[in-house]
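Here are the chains, one letter per residue:
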Amino acid sequence: MPWFKKTKKPKPVRSDRGRSSVPEGLWVKCDSCKEIVYSKELERSARICPKCGHHFRIGAEARIRLLLDEGWEELYTEVSPADPLAFKDTKPYKDRLKQYQKKLDLRDALHVIAGSIEGMPVMLAVMNYAFMGGSMGSVVGEKVTLAAEEALRRRVPLIVVSASGGARMQEGILSLMQMAKISTALARLRDEGLPYISILTDPTTGGVTASFAMLGDLNIAEPGALIGFAGPRVIEQTIRQSLPEGFQRSEFLLEKGFLDMVVPRSEMKDTLARCLRHLTAAA
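In this report, the structure presented in the accompanying data block is examined.

The rules behind the values
- Residues numbered from 1 in each chain as written.
- Predicted model: local features only at pLDDT ≥ 70, side-chain atom pairs only at ≥ 80, totals over all residues.
- Heavy atoms only, no water.
- Helix = DSSP H or I, 4+ residues; strand = E, 2+ residues; numbered from the N terminus.
- Buried < 20%, exposed > 50% of the residue type's maximum accessible area, 1.4 Å probe, protein only.
- Contact = heavy atoms within 4.5 Å.
- Areas by Shrake-Rupley, 256 points an atom, 1.4 Å probe, with all protein chains shown as cover.
- Salt bridge = Lys/Arg side-chain N within 4 Å of Asp/Glu carboxyl O.
- Disulfide = S-S within 2.5 Å.
- Axes fitted to C-alpha atoms, helices over the stretch in contact; angles between N-to-C directions.
- Parallel < 35°, antiparallel > 145°, perpendicular 65-115°, else oblique.
- Nonpolar A, V, L, I, M, F, W, Y, C, P; charged D, E, K, R; others polar.
- Phe/Tyr/Trp six-rings, centres within 6.5 Å; stacked < 30°, edge-to-face > 60°.
- Lys NZ or Arg CZ within 6 Å of the ring centre and 35° of its normal.
- Pairing = 2+ DSSP bridges.
- Core = buried A, V, L, I, M, F, W, Y, C linked by side-chain atoms within 4.5 Å.

## Some details on the overall build of the protein chain
Along the protein chain, the regular secondary structure elements total 9 helices and 9 strands. With the principal axes as the frame, the protein chain shows a C-alpha extent of 105 × 50 × 45 Å. Looking at the protein chain as a whole, 43% of its 283 residues qualify as buried. Considering only contacts in the protein chain between residues 6 or more positions apart, those separated by 24 or more positions represent 67%. Summing over all exposed atoms, the protein chain offers an accessible surface of approximately 16,100 Å²; the carbon and sulfur share of this is 53%.

Quick look at the structure:
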């Protein structure tokens, strides 16, 4: 018989020991200042860090609600992409499209909206980065062109909000054709004296930057947005030199004359309204 005797049963080991009891997603770490921000506070501030002003990315639907008055209407929702090249990478392009369409309940990466800003009617096109990185294929090109043509028919300004990784490689040259197609439609707006305002958000790159994103009568960017054609890592590897601090960010491009304004998200609607009053009065 052992000389000791257990008088108490050992406490059961908790399987969740060391785990946080804080619900997932309740707090968010800012990419810029690294501070921890309460999620609900972040949503109330239009996803702008209240501690450093860093602009988190937001969805297209949230963007529409921030910019437009109530009572807007989405157009051309039936326009769908095709697979003319029968493209396949890790999976067939048509299967990739179905995956995103089912997940987002959206045919492709652009919303076209007829609405108003402080009572002034506008056509608004907003790229949806959640759909294949906001890549520009035939549908995006067609819908931006349709938005420009509808703005011309209604005699109202056109506003395009860009958030894109560039042209959609799965459609090859057909995606690159959209650059010229959209640019031609925008030229018709300019010939008729109708304003076109381009809003560039993080990120705006590739063929979108090389075409309609930089063709506005006013080019306005959100703070800290990455804007360029090739990415900074590609450029560094090509020229084998370090790039300047803040290269391809909104503030750097404003300083170099590529942009007209850098406007915080919280002030964007008021700024657009003020600009539209001046531009439509001039027209």
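## Some points on the pattern of salt bridges
Evaluated as defined, the whole model comprises 16 salt bridges. Note that Glu118 is salt-bridged to Arg277, the shortest N-O span being 2.5 Å. You can see Glu118 sitting in the loop between strand S4 (110-117) and strand S5 (120-127) and its partner Arg277 sitting in helix H9 (residues 268-282), a full 159 residues away along the chain. Looking at Arg277, the relative accessible area reads 43%, which means it is partly exposed. Salt-bridge contacts for Arg153 lead to Glu150; the nearest nitrogen and oxygen are separated by 2.6 Å. Within this pair, Arg153 and its partner Glu150 are both found in helix H4 (residues 138-154), separated by 3 residues, close to a single helical turn. We classify Arg153 as exposed; its relative accessible area is 58%.

## Comments concerning the side chain of Ser162
Position of Ser162 relative to the elements: it lies in strand S6 (residues 158-164). Once residues within four sequence positions are removed from consideration, Ser162 is found in contact with Met127, Ile199, Leu200, Thr201, Thr204, Val208, Phe212 and Ala213.

## Focus on the state of the cysteines
Enumeration over the complete set of coordinates arrives at 0 disulfides. Free of any disulfide, Cys30 has its nearest cysteine sulfur in Cys52, 3.6 Å distant. You can call Cys52 partly exposed: its relative accessible area is 36%.

## A look at the packing of H4 against helix H5 (residues 173-191)
Across the interface, H4 lies against H5 with an axial gap of 8 Å and an inter-helix angle of 5°. With respect to H5, the axis of H4 lies roughly parallel. Along its contact with H4, which presents Ser138, Gly141, Glu142, Val144, Thr145, Ala148, Glu149, Ala151 and Leu152, the element H5 presents Leu174, Gln178, Lys181, Ile182, Ala185, Arg188 and Leu189. By residue class, the composition of the contact of H4 with H5 is 8 nonpolar, 4 polar and 4 charged.

## Examining the packing of aromatic side chains
Taken as a whole and assessed by the stated rule, the structure comprises 3 aromatic pairs. A centroid spacing of 5.2 Å and a plane angle of 45° characterise the contact between Trp27 and Tyr38, whose relative ring orientation is tilted. You can see Trp27 sitting in strand S1 (residues 27-29) and its partner Tyr38 sitting in strand S2 (residues 36-38), a full 11 residues away along the chain. Its relative accessible area of 47% is what places Trp27 among the partly exposed residues. The exposure class assigned to Tyr38 is partly exposed, which follows from its relative accessible area of 27%. For the pair Phe247 and Phe252, a centre-to-centre distance of 5.6 Å together with 65° between the ring planes defines the contact as edge-to-face. For Phe247, a relative accessible area of 23% corresponds to the partly exposed category. Between the NZ or CZ atom of Arg57 and the centre of the ring of Tyr129, over which it lies, the distance is 5.0 Å.

## A few points about the sheet that holds strand S9 (residues 261-262)
Read across the open sheet, the 7 strands follow the order S3-S4-S5-S6-S7-S8-S9; overall the sheet is mixed. Taken across any chain shown, the strands that pair with only one partner, and hence form the sheet edges, are strand S3 (73-75) and S9. Strand direction decides the pairing type here: S3 and S4, joined by 3 bridges, are antiparallel. Bridging across to S4, Glu73 finds its partner in Ala114. Lying over the sheet, helix H2 (residues 60-67) contacts S4, S5, S6 and strand S7 (196-204), oriented at roughly 160° with respect to S5.

## Some details on the nonpolar core
In this structure, Val112, Met123, Leu158 and Phe212 are the most contacted members of the largest nonpolar core, which totals 43 residues. If you list the elements that add at least two residues to this core, you get helix H3 (93-104), S4, S5, H4, S6, H5, S7 and helix H8 (250-255). In terms of residue count, the dominant contributor to this core is H4 (7 residues). Core analysis: the next-biggest nonpolar cluster, separate from the first, contains 22 residues, Val122, Val126, Met268 and Leu272 among them.

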